[in-house]
Amino acid sequence: MSIVSLMLLAAMASSCIQLCCRRCSGLLRSKITVQYSTQAQHCTAVLTASSRVSNGSSFLAGICAASHTRQRWRQQMCFYSEHKAKPLTAEANRYKDAEELSGSDVVAYKNRLQNATDSLPVTDSQVTLDVDAAKSLSALEEISDEEAVSISVPSALPPATTSLRDYVDKSETLSKLVQLGVNLWKLEQRPNVGSMLLKLDFQTDVAPRLLFLKDIGVEDSRLGYILSTNPFILSEDLENLRTRVNYLRSMKFSSETVASMVSRAPYLLNFSVKRLDNRLAFYQQQLGLSTWKTRDVVARLPRLLCGSLEPVKENLKVCQIELGFKENEIQHIVVTVPKVLTANKKKLTQIFDYLHNTMKLPHHLIVKFPQVLNAKYLRIKERHLFLQYLGKAQYDPTQPSYVSLDRLVTLPDDTFCTDVASATLQDFHLFLKTL
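Just so it is clear, the model here is predicted, and its values are computed rather than measured.

Rules behind the numbers
- Residues numbered from 1 in each chain as written.
- Predicted model: local features only at pLDDT ≥ 70, side-chain atom pairs only at ≥ 80, totals over all residues.
- Heavy atoms only, no water.
- Helix = DSSP H or I, 4+ residues; strand = E, 2+ residues; numbered from the N terminus.
- Buried < 20%, exposed > 50% of the residue type's maximum accessible area, 1.4 Å probe, protein only.
- Contact = heavy atoms within 4.5 Å.
- Areas by Shrake-Rupley, 256 points an atom, 1.4 Å probe, with all protein chains shown as cover.
- Lys, Arg positive; Asp, Glu negative; His and termini not counted.
- Salt bridge = Lys/Arg side-chain N within 4 Å of Asp/Glu carboxyl O.
- Phe/Tyr/Trp six-rings, centres within 6.5 Å; stacked < 30°, edge-to-face > 60°.
- Polar contact = N/O pair within 3.5 Å; in protein donor to acceptor, adjacent residues only side chain to side chain.
- Expected span 1.5 Å × (residues − 1).
- Arc of directions from axis to C-beta.
- Axes fitted to C-alpha atoms, helices over the stretch in contact; angles between N-to-C directions.
- Parallel < 35°, antiparallel > 145°, perpendicular 65-115°, else oblique.
- Left-handed = near helix turned anticlockwise from the far one by under 90°.
- Nonpolar A, V, L, I, M, F, W, Y, C, P; charged D, E, K, R; others polar.

> Explain the overall build of the protein here, please?
On a plain count of helices and strands, the protein comes out with 25 helices and zero strands. Counting all 435 residues of the protein, 33% fall into the buried class. Expressed as a percentage of contacts within the protein between residues at least 6 apart in sequence, the contacts between residues at least 24 apart total 69%. Surface accessibility of the protein: about 27,200 Å² in total, with carbon and sulfur atoms responsible for 54%.

Right, here's the structure in full:
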């Protein structure tokens, strides 16, 4: 082989060696953990391939070996100096791991990447969120006695409630009313009453009206009933209350009668003097009664001055048209039993029908004992059937064994059995079981 050929072969071998060494250098920079023995073996393979071009050219092999040795030494020194001067950062480590990642190591890489992310420094926003989460307590978590004592409960009154009992401990007015016997559970069922009571001051609003009621003769035991029925009297002007009491006294109602009327009809003093006067005039004209009889009827049933007049007018027509009583008979019935004026129309007609059509009692006999119209229908029926069973149902005063209608409906069961029916109470109860 000529000298020229040898030189060409040497040049080709040198280019190949440089190319291979550059490749090895790139691999060293990217793949830090690759073993240098692998690079040597690769370069040796290249040299072996080159040596195959010229069998026996030991000179060329020596040149390649020397060049590769110098290049490897230079790369090692550069790598050592570079990594000694500048340590790898976390990002370089993650980049190195990614370079070494193979297709079968994807899951392992993800785990390492997660660990690397967890090791990153925590930001301010993350710290804030973690602190807030740490402060929140579970409802089931136990706390110490010191922590329990330190918990503050607002003492303000509830803004809205369905019961006045939530305010009793905080309101002097409500607590005093409870001591007087006022039924707050009745008042709280009525609209706007609870709000009105909470706005009242006991010393300036409630106490003066309580003293006024005591001054006109109302007993202490009746104060609770009056305020439970009519709490609006606490918002009435005191001067108006005095004026109405003075009017009743001017109409010849005694002080005791006025106190009794107010106790039994708590709304009486809520009406103006004009209305009270109109009511008294109405009953006197409609019933045709004298002044003192009208006053007697109203004193015995004071709610006649408070309630509606429509039921009264209707009952008067029923007594006159449907029941067939005369005007003077109606007057006698009303004076004796004023409740007939406010009785239920159905009940009134039912009792009269049984007395007149079943028991065969004439009108004049019913008028003579008008209390029977205010009795219970079932009581009248049971006792009449028992007397009829015994053969003693005789209500005509002119006949022997006469039974008074008054005693028929007013006596208790045991007295009725012994004095009227001449039987035992047990006999009467056994008879009732047969009905």
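> Looking at this structure, I do not really get the side chain of R209. What am I missing?
Take R209: it is sitting in helix α12 (residues 202-215). Of the buried charged residues, R209 lacks a salt bridge, with D205 as the closest side chain of opposite charge at 4.9 Å. When residues no more than four places from it in sequence are discounted, the contact partners of R209 are T204, I233, L234, S235, E236, D237, L238 and L241.

> Help me understand the packing of aromatic side chains in this model?
Given two aromatic rings, their pairing is described by the distance between the two centres and the angle made by the two planes. Under the criterion given, the structure shown has seven aromatic pairs. Measuring from centroid to centroid gives 5.2 Å for Y389 and F431, while their planes differ by 35°, and the two rings are tilted. Highlighted residues: Y389 in helix α22 (residues 377-390) and F431 in helix α25 (residues 425-433), separated in sequence by 42 residues. Given the relative accessible area of 60%, Y389 is considered exposed. Using a relative accessible area of 11% as the deciding quantity, one classes F431 as buried. Measuring from ring centre to ring centre gives 6.2 Å for F416 and F428, while their planes differ by 70°; the resulting arrangement is edge-to-face. Here the residue F416 occupies a position in helix α24 (residues 413-420), and F428 occupies one in helix α25, the gap between them amounting to 12 residues. Assessed through its relative accessible area of 2%, F428 is described here as buried. Within the aromatic cluster, the residues linked to one another by ring pairs are F386, Y389, F416, F428 and F431.

> Looking at this structure, how should I read the environment of V372?
In this fold, V372 is placed in the loop between α21 (363-368) and α22. Aside from chain neighbours lying at most four places away, what touches V372 is I351, L355, I366, I380 and V409.

> Explain the pattern of salt bridges here, please?
The full count for this structure, using the stated rule, is seven salt bridges. A salt bridge links D220 to K214; the shortest N-O distance between them is 2.5 Å. Note on K214: relative accessible area 40%, which makes it partly exposed. When the shortest N-O distance is used, the salt bridge between D296 and R300 registers 3.5 Å. Of this pair, D296 and R300 both sit in helix α17 (residues 291-300), four residues apart, which is roughly one turn of that helix. Connected via shared salt-bridge partners are E314, E322 and K345.

> Would you mind showing me how to read the environment of H363 here?
Structurally, the position occupied by H363 is in helix α21. Separated by 11 residues in the primary sequence, H363 and F352 place their C-alpha atoms 9.5 Å from one another. In this structure the side chain of H363 is engaged in a polar contact, spanning 2.6 Å, whose partner is the backbone oxygen of L323.

> Just to check I follow, could you spell out helix α18 (residues 310-322) for this structure?
In an α-helix, one full turn covers 3.6 residues, which means residues spaced three or four apart are oriented alike. The end-to-end C-alpha distance of α18 is 17 Å, a good match for the 18 Å that 13 residues give at a rise of 1.5 Å each. Considered for burial, the residues of α18 that qualify are V312, N315, L316, V318 and C319. Viewed end-on, α18 has its buried residues packed into an arc of 155°, placing them on one side of the element. More than 90 degrees from the buried face of α18, the exposed residues found are E310, K317, Q320 and I321. Looking at the buried side of α18, the elements it contacts are α16 (273-287), α19 (327-336) and α20 (345-358). Taken from the residues just after α18, G324 is the one with a positive phi, measuring 85°.

> Would you take a moment to explain the packing of α20 against α22 for this structure?
Packed helices, taken two at a time, are described by their axes: the angle between them and the distance between them. Contact geometry for α20 and α22: axes closest at 10 Å, N-to-C directions at 15°. Of the possible angle classes, the one that applies to α20 and α22 is roughly parallel. α20 and α22 meet at a crossing whose hand is left-handed. The residues of α22 that touch α20, namely those facing Q350, I351, Y354 and L355, are Y377, I380, K381, H384 and L385. Here the contact of α20 with α22 is composed, by residue class, of six nonpolar, two polar and one charged.

Take it as geometry only, folks, not as evidence of what the structure does.
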